[in-house]
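Architecture and fold: a report
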Amino acid sequence: MESQSPRITLIGKPGCHLCDDARAVVARVAEELGVGWTELDITRDKSLAEQYWEQIPVTLVDGRRHDYWRVDEARLRAALR
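Given the structure is predicted, the values throughout are model-derived calculations rather than measurements. (Residues numbered from 1 in each chain as written. Predicted model: local features only at pLDDT ≥ 70, side-chain atom pairs only at ≥ 80, totals over all residues. Heavy atoms only, no water.)

1. Digging into helix H3 (residues 73–80)
Heads up, the condition is: Note on classification: 1.4 Å probe, protein chains only; a residue is buried when its accessible area is under 20% of the maximum for its type, exposed when over 50%, partly exposed between these limits. The helix count covers DSSP runs of H or I at least four residues long, the strand count covers runs of E at least two residues long, and both are numbered beginning at the N terminus. Here the arc refers to the directions that run from the helix axis out to each C-beta atom. Residues count as neighbours in contact if any of their non-hydrogen atoms are within 4.5 Å of one another. Pairs of N or O atoms are called polar contacts if they sit within 3.5 Å, as long as, within protein, a hydrogen donor faces a hydrogen acceptor (for residues adjacent in sequence, only side-chain-to-side-chain pairs).
The complete set of buried residues in H3 reads Leu76, Arg77 and Leu80. For H3, the angular spread of buried residues about the axis comes to 100°, placing them on one side. Residues of H3 that are exposed and point more than 90 degrees away from the buried face comprise Ala74 and Ala78. Those residues of H3 that are buried lie in contact with strand S1 (6–12), helix H1 (17–33), strand S3 (58–61) and strand S4 (64–68). Capping the start of H3, Asp72 holds a side-chain oxygen 3.1 Å from the backbone nitrogen of Ala74, two or three residues further along.

Laid out in structure tokens, this is it:
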């Protein structure tokens, strides 16, 4: 994860294969575009679990929900430009 102020937030949980796939896309796009990202674990936050349990992984861009279940790489790049 980048040390910059994050523009992308990935919400997921350990052991989730879709989260692993999303993490790879987010990391690649963030690195290539030079933007920061962070990851939140729903198993450590009851509020996030209640809100997103059936949608993980969820990506937020600049604090707004962008995608869930799968991250579309082209769509993520477009949102960050």
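Read on for the rest.
2. A closer look at the sheet that holds strand S2 (residues 36–41)
Put simply, the rule is: A strand pair is defined by DSSP finding two or more bridges across the two strands. Axis lines are fitted to C-alpha atoms, over the contacting stretch for helices. Their N-to-C directions set the angle, which ranges from 0 to 180 degrees.
In spatial order, the strands read S2-S1-S3-S4; together these 4 strands make up an open sheet with mixed pairing. Each edge of the sheet is formed by a strand with only one pairing partner; in this case those strands are S2 and S4. Each strand of the sheet is rotated relative to its neighbour by a mean of 25°, with strand direction disregarded. Bridge analysis of S1 against S2 gives 6 bridges, and the strand direction is parallel.

3. Topic: the side chain of Arg77
Tracing the sequence through the fold places Arg77 in helix H3. Its relative accessible area of 18% is what places Arg77 among the buried residues. A polar side-chain atom of Arg77 sits 2.4 Å from a polar atom in the side chain of Glu32. If we ignore the near neighbours within four places in the chain, the residues touching Arg77 are Val29, Glu32 and Leu33.

4. Considering the pattern of salt bridges
Using the following cut-off: By definition, a salt bridge exists where a carboxyl oxygen of Asp or Glu is found within 4 Å of a side-chain nitrogen of Lys or Arg.
Overall, the coordinates contain 8 salt bridges when judged by the stated rule. Its salt-bridge partner being Glu39, residue Arg23 comes within 2.7 Å of it at the nearest N-O pair. Taken as a pair, Arg23 in helix H1 and Glu39 in strand S2 lie far apart in primary sequence, 16 residues in all. A relative accessible area of 25% places Arg23 in the partly exposed class. Here Glu39 falls in the partly exposed class, since its relative accessible area comes to 25%. For Glu32, the salt bridge identified is with Arg77, shortest N-O distance 2.4 Å. Of this pair, Glu32 sits in helix H1 while Arg77 sits in helix H3, and the two are 45 residues apart along the sequence. Where salt bridges share partners, they join Arg28, Glu32, Glu73 and Arg77 into one cluster.

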